[in-house]
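Coordinate analysis (summary)
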Amino acid sequence: MTTDPSRRPRVLVARKLFDEALQPLREACEVQYNDSDRSATPAELRAWLQDKQGALITGSERIDAALLDACPGLRVVATMTVGYDHVDVPACAARGVVVTHAPDVLDETTADFGMALLLGAVRQMGVAERYLREGRWKRWSADLFAGADVHGSTLGIVGMGRIGRAVARRAALGFGARILYHNRRRLDPALERESGAEYRSLDELLGQSDHVLLALPYSPESRHLIGAAELARMRPGSTLVNIGRGGLVDEPALAAALHSGHLGAAGLDVFEGEPTPNPVLLEAPRLLITPHIASASLPTRRAMVRLAVDNLLAVLGGKAPLTPVPAPGA
Ligand code: 8YV
């Protein structure tokens, strides 16, 4: 890439990220940096991208057809997330805009958090801590916050991609859990054997699991995959954990299943309308809810940004992207 500033590619970094991870981008490109934690409004994003060839975005920026039409010079959109439901991939493909994402580098960190959220929800760590802090603990009692067990349980994982498999490994090896899984496509036999997981239809999985963990991407097809009927199919006293996307779960139905006592507990790292949770969730009992932080270890967040930077530099330098999103329909 040229060092002549007038000919260097122009790139937008849409949110405050890690300066040292952005350094290679600064060396090769003219960078406009939204050095703040505030997400751009759609109008700002359009204005900022008007003269850019590249965009480094987070999950908070939406790239749609209208924006692409307003920014005809854009050649590559690199999201630092593995999920890309905030990018209209077919619209990008139709306009020759390459879209890259950040898979692999966050799998283990996200799986750690998946286990933490499962354990925390089942053992009611959030509610118990608030109870203690609010000075409500007066005496020990045998059933105080007594919940289910994770060790030796049956864990059903919906979405058996890299993150789902990393959760499966932890639960099987560390907690002696039996693993059931459901996936759009059944794993090939070698991978299935390696994961020690048994394939089930979604209905079977819901009825046979003590805990159900969602680790699948959001798409219009997976919207409200877990609604009232699916929750009713789950075992009494069982747990639902979501580390995928908020839109996978019908939230009023989940709240109702917690209020009725049918569900033992739930853990949500993602919810619809982020960053503002639906009040029905905040009022639901035995729900552990966190602000979309499953991948938030510092080394992992840095690696996600570095991968997005490497993708931008590759495409702007005329090379193939390292981790393009799968082609639409693939
Ligand atoms: C991100 C995620 O941190 O990568 C993803 O798809 O959900 C998280 O790891 C989050 O989307 C940041 O916006």
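Shown above is the structure to which this text applies.
Let us look at the structure shown here.

Cut-offs applied
- Numbering of residues starts from 1 in every chain and runs along the sequence as written.
- Given that this is a predicted model, residues contribute local features only at a pLDDT of at least 70 and side-chain atom pairs are listed and counted only at 80 or more, while totals for whole chains, interfaces and linings are drawn from all residues.
- For the side-chain quantities, the full set of heavy atoms in the structure was used; hydrogens and water were omitted.
- Here, a salt bridge means any Lys or Arg side-chain nitrogen found within 4 Å of an Asp or Glu carboxyl oxygen.
- Secondary structure elements are defined from DSSP: runs of H or I of at least 4 residues count as helices, runs of E of at least 2 residues count as strands, and each element is numbered from the N terminus.
- With a 1.4 Å probe rolled over the protein chains alone, any residue whose accessible area is under 20% of its type maximum counts as buried; one over 50% counts as exposed, and the rest are partly exposed.
- Any two strands with at least two DSSP bridges between them are considered paired.
- The angle between two axes is taken between their N-to-C directions and runs from 0 to 180 degrees, where each axis is a line fitted to C-alpha atoms and a helix contributes only its stretch in contact.
- We call two residues in contact whenever any of their non-hydrogen atoms come within 4.5 Å of each other.
- Only residues whose relative accessible area exceeds 30% and that form no salt bridge enter a patch; like-charged residues are grouped when within 9 Å of one another, and nonpolar side chains (Val, Leu, Ile, Met, Phe, Trp, Tyr) when within 5 Å.
- The protein chains shown are the only cover counted for residues, whose accessible areas, like all others here, come from Shrake-Rupley with a 1.4 Å probe.
- Whether a residue is near a molecule or strand depends on its heavy atoms: if one lies within 4 Å, it is near.
- Polar contact criterion, stated in full: a pair of N or O atoms within 3.5 Å, where within protein one must be able to donate a hydrogen and the other to accept it, and residues adjacent in sequence count only if both atoms are side-chain atoms.
- Only Asp, Glu, Lys and Arg are considered charged in this grouping, and only Ala, Val, Leu, Ile, Met, Phe, Trp, Tyr, Cys and Pro are considered nonpolar; every other residue, Gly among them, is considered polar.
- Definition used in this section: a nonpolar core is a set of buried Ala, Val, Leu, Ile, Met, Phe, Trp, Tyr and Cys residues joined via side-chain atoms within 4.5 Å.
- Start and end positions for the domains come from either an automated domain assignment or a database one.
- Convention used here: angles under 35 degrees read as roughly parallel, angles over 145 as roughly antiparallel, angles from 65 to 115 as roughly perpendicular, and any remaining angle as oblique.
- Two helices that cross are described as forming a left-handed crossing if the nearer one is turned anticlockwise from the farther one by less than a right angle, and a right-handed crossing if clockwise.
- The directions considered for the arc run from the helix axis to the C-beta atoms.

1. A few points about the pattern of salt bridges
This model, assessed by the stated rule, comprises 22 salt bridges. Here Glu20 and Arg302 are joined by a salt bridge, their closest N and O atoms 2.5 Å apart. Of this pair, Glu20 sits in helix α1 (residues 19-28) while Arg302 is found in helix α13 (residues 298-316), placing the two residues 282 residues apart along the sequence. In this structure Arg302 comes out as partly exposed when scored by relative accessible area, which is 27%. For Asp51, the salt bridge goes to Lys52, with nearest N and O atoms at 2.7 Å. Look at the salt bridges and you will find they share partners, linking Glu108, Asp112, Arg169 and Arg170 into a network.

2. Some words on the environment of Leu106
Inspection of the secondary structure puts Leu106 in the loop between β5 (98-100) and α5 (107-122). Distance from Leu106 to Ala296, taken between C-alpha atoms, is 8.8 Å for residues 190 residues apart in sequence.

3. Notes on the sheet that holds strand β9 (residues 211-214)
Overall, parallel pairing links the seven strands, which are arranged β8-β7-β6-β9-β10-β11-β12 in an open sheet. Every interior strand has two partners, whereas the edge strands, β8 (197-199) and β12 (287-289), have only one. Within this sheet the neighbouring strands show an average axis-to-axis angle of 20°, counted without direction. Both strand β6 (residues 154-158) and β9 contribute to a ladder of four bridges, which runs parallel. Bridging across to β9, Leu155 finds its partner in His211. Those strands touched by helix α7 (residues 162-175) are β6, β7 (178-182) and β9, and its axis lies near 175° from that of β6.

4. Regarding a nonpolar patch on the surface
Side chains of Leu132, Trp137 and Trp140 sit close together on the surface and give an oily, nonpolar patch of about 410 Å² of accessible area. Looking at the element boundaries, Trp140 is found in the loop between α6 (125-133) and β6. Looking at Trp140, the relative accessible area reads 67%, which means it is exposed.

5. Thoughts on the site of the ligand
Close to the ligand lie Gly59, Thr81, Val82, Gly83, Leu106, Arg245, His292, Ser295, Arg301 and Met304. Residue Gly59 places a main-chain N or O atom 3.3 Å away from an oxygen atom belonging to the ligand. In this structure, His292 approaches the ligand through a side-chain N or O atom, which is 2.6 Å from an oxygen atom. The fraction of the free accessible surface of the ligand (330 Å²) that becomes covered by protein chains is 85%. Looking at side-chain class alone, the shell around the ligand contains three nonpolar, five polar and two charged residues.

6. A short note on the nonpolar core
Counting residues in each nonpolar core, the largest one holds 52 residues, and the members touching the most others are Leu25, Leu56 and Ile179. Looking at this core, the elements that each hand over two or more residues are β1 (10-13), α1, β4 (76-79), α5, β6, α7, β7 and α13. The element best represented in this core is α13, accounting for nine residues. In this structure, this core is formed jointly by two domains, domain 1 (5-105 + 298-316) and domain 2 (107-289), each of which donates at least three residues. Residues Val249, Leu254, Ala255 and Leu258 belong to the second largest nonpolar core, which totals 26 residues.

7. Description of the packing of α5 against α7
Packing of α5 against α7 brings their axes to within 8 Å, and their N-to-C directions diverge by 55°. What the angle tells us is that α5 and α7 run oblique. Pair α5 / α7 crosses with right-handed handedness. Residue-level contacts link Asp107, Glu108, Thr110, Ala111, Asp112, Met115 and Leu119 of α5 to Arg162, Ile163, Ala166, Val167, Arg169, Arg170, Ala171 and Phe175 of α7.

8. A closer look at helix α2 (residues 42-49)
Along an α-helix, residues three or four apart share an orientation, since each turn contains 3.6 residues. Along α2, the positions that sit buried rather than exposed are Leu45, Trp48 and Leu49. Buried positions in α2, seen along its axis, are confined to an arc of 90° and lie on one side of it. Structurally, α2 contributes buried residues whose contacts are with β1, β2 (30-33), β3 (54-57) and α3 (65-70).

All quantities given are derived from atomic positions and should not be read as evidence of function.
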